[in-house]
Amino acid sequence: VQLQASGGGLVQAGGSLRLSCAASGRTFSSYTMGWFRQAPGKEREFVAGISLSGGTSWYADSVKGRFTSSRDNAKNTVYLQMNSLKPEDTAVYYCAAGSATPAGGRNPSWYRYWGQGTQVTVSS
């Protein structure tokens, strides 16, 4: 599966952005989807995950209550709604897909396919 993330940009602290990740192929609903981010000089970190049907999602503590992941399997797209953004949310955001990812999976190694990343910059 090929993934294309979009929706990043520059926003002031307290603002909102919605990232999208479009997937190719006809088996999108077979993949657990995840969002990760990587800030300059830091390791890639887990942000959010969502189950095959979208009925279950899980989040890093740092974004819980502010970010919401959803998916539309008919459109082969997963979303990350980001509210109350903070300067520390500044990073390149990546979407990822895994066919054998357990529910609650946070380790990048569980996700086989990765998009190219989209930059999110939050100004103070």
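Structure report, in brief. (Residues numbered from 1 in each chain as written. Predicted model: local features only at pLDDT ≥ 70, side-chain atom pairs only at ≥ 80, totals over all residues. Heavy atoms only, no water.)

### A word on the pairing of strand β5 (residues 45–50)
Here is the rule we go by: Accessibility here uses a 1.4 Å probe with only protein chains present; expressed as a share of the type maximum, an area under 20% marks a residue as buried, one over 50% as exposed, and anything in between as partly exposed. Secondary structure elements follow DSSP: runs of H or I no shorter than four residues count as helices, runs of E no shorter than two count as strands, and numbering proceeds from the N terminus. DSSP bridges decide pairing: two strands pair if at least two such bridges lie between them.
Among the six residues in β5, five count as buried, and that is most of the element. Of the strand pairs in this sheet, strand β4 (residues 32–38) and β5 are connected by five bridges, and their pairing is antiparallel. Paired with Gly34 across the bridge in β5 is Gly49. Hairpin connection of β4 to β5: six residues between the antiparallel strands, including Gly41 at a positive phi of 75°.

### Focus on the nonpolar core
As a reminder of what qualifies: As used here, the term nonpolar core means buried Ala, Val, Leu, Ile, Met, Phe, Trp, Tyr and Cys residues forming a set that is joined through side-chain atoms within 4.5 Å. We call two residues contacting when some pair of their heavy atoms lies within 4.5 Å.
Met33, Trp35, Val47, Phe67, Leu80, Met82 and Tyr93 are the most contacted members of the largest nonpolar core, which totals 34 residues. The dominant element in this core, judged by the number of residues it contributes, is strand β9 (residues 91–98), at five residues. In contact with Trp35, other than residues within four places in its own chain, are Leu19, Ser20, Cys21, Phe46, Val47, Ala48, Ser69, Val78, Tyr79, Leu80, Tyr94 and Cys95.

### Some points on the state of the cysteines
Inclusion rule: The disulfide criterion used throughout: a pair of cysteine sulfur atoms within 2.5 Å.
What the rule picks out here adds up to one disulfide. Note on cysteine connectivity: Cys21 is disulfide-linked to Cys95, with sulfurs 2.1 Å apart. Measuring handedness by torsion sign, the sulfur bridge of Cys21 and Cys95 sits at about 60° and is right-handed. A residue pair is termed long-range when its members are at least 10 positions apart, and Cys21 in strand β3 (residues 17–23) and Cys95 in strand β9 qualify at 74 residues.

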